[in-house]
Amino acid sequence: MEDFKKLRELMVEQQLIPRGIKDERVLKAMETVPRHLFVGDAFPERAYDDCALPIGEGQTISQPYMVAVMTELLELKGDEKVLEIGTGSGYQGAVLSLLAAEVFTVERIETIALKTQERFRRFKYTNIYVVVGDGTLGLPEQAPFDGIIVTAAAPQIPDTYIKQLKVGGRLVIPVGSRFSQMLYQVRKTPSGITTSASTPCVFVPLIGKYGWDETEAQYPAY
Ligand code: SAH
């Protein structure tokens, strides 16, 4: 039996702090969420490795560092309403649920959504709600949001997300080609948006009306 608490502490000390993650609340949340319970049965011993891992259906759980960067860019204080696109394993959502008041997470693959919803229930993450659907449409019935985080790669920034942000709200989104992207933080201001580039990254494709076509977005099965 691995000492997962120790592995989490090492993950924070070796992968997050040296690369510049500073937000104490983010570091604390990542030291708390049991990542090994989100990676599926095949990989618990690799859960805290410095990489993304396959979670089935050709999808991945993001590298811990990428989860930390994206979460930090949302600039959460604790009272926010957040929208996540791409529920996947639920790990990113679980981290967010410790840092915001409410999290809505949209997943297009129903089998993944149902499995992860059950996982949130079992591990008692009670302020996170899973919705099945095309997340490129956002979630108009719950808008506006203080933060929107997109954990799949978009060909461009869908306007839906800007519309569904509060003024002062932050959108964190990887944008680029199918196989390499740049992570952006987009802030909605009273007069429009400001955009700043963060770090290069590689995500699975955001597939939907304002994302990639399924046919354009073929990838090898894991
Ligand atoms: N945040 C996840 C990682 C997700 S991987 C985690 O912590 O594990 C990206 C996920 O986005 C996949 O599950 C994929 O099915 C989903 N996805 C892709 N396009 C989507 C869309 N238009 N709407 C909702 N989910 C989408």
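Above this text sits the structure in question.
A brief structural summary. (Residues numbered from 1 in each chain as written. Predicted model: local features only at pLDDT ≥ 70, side-chain atom pairs only at ≥ 80, totals over all residues. Heavy atoms only, no water.)

## A few points about the layout of surface pockets
Point 1. In this structure, the second largest pocket spans a volume of roughly 150 Å³.
Point 2. What lines the second largest pocket is a set of 13 residues, among which Ile-55, Gly-56, Ile-112, Lys-115 and Arg-119 lie closest to the centre.
Point 3. For the lining of the second largest pocket, the elements supplying multiple residues, two or more each, are strand E1 (53–56) and helix H5 (110–122).
Point 4. The element best represented in the lining of the second largest pocket is H5, accounting for 5 residues.
Point 5. Residue composition of the lining of the second largest pocket, grouped by class: 4 nonpolar, 6 polar and 3 charged. (1 Å grid on protein atoms, 1.4 Å probe; cavity = no way out; pocket = protein on both sides within 12 Å on 5 of 7 lines; lining within 4 Å. Points joined across faces, edges and corners; volume = space filled by probe spheres on them. Helix = DSSP H or I, 4+ residues; strand = E, 2+ residues; numbered from the N terminus. Nonpolar A, V, L, I, M, F, W, Y, C, P; charged D, E, K, R; others polar.)

## Brief notes about the site of the ligand
Point 1. Near the ligand there are 27 residues, and of these Gly-86, Ser-89, Glu-107, Gly-135 and Ile-207 occur at the shortest range.
Point 2. Take Gln-92: an N or O atom from its main chain is 3.0 Å from an oxygen atom of the ligand.
Point 3. Ile-207 places a main-chain nitrogen or oxygen 2.7 Å from a nitrogen atom of the ligand.
Point 4. With the chains in place, 99% of the 580 Å² that the ligand exposes on its own is no longer accessible.
Point 5. Under a 2 Å grid-point criterion requiring more than half of the atoms, the pocket assigned to the ligand is the largest cavity.
Point 6. Where the shell around the ligand is concerned, the elements lending two or more residues are strand E2 (59–61), strand E3 (81–85), helix H4 (91–97) and strand E4 (102–107).
Point 7. Looking at which element gives the most residues to the shell around the ligand, the answer is E2, with 3 residues.
Point 8. Of the residues that constitute the shell around the ligand, the class distribution is 11 nonpolar, 12 polar and 4 charged. (Near = heavy atom within 4 Å. Polar contact = N/O pair within 3.5 Å; in protein donor to acceptor, adjacent residues only side chain to side chain. Areas by Shrake-Rupley, 256 points an atom, 1.4 Å probe, with all protein chains shown as cover. Sits in = over half its atoms within 2 Å of the grid points.)

The analysis is restricted to geometry; functional conclusions fall outside its scope.
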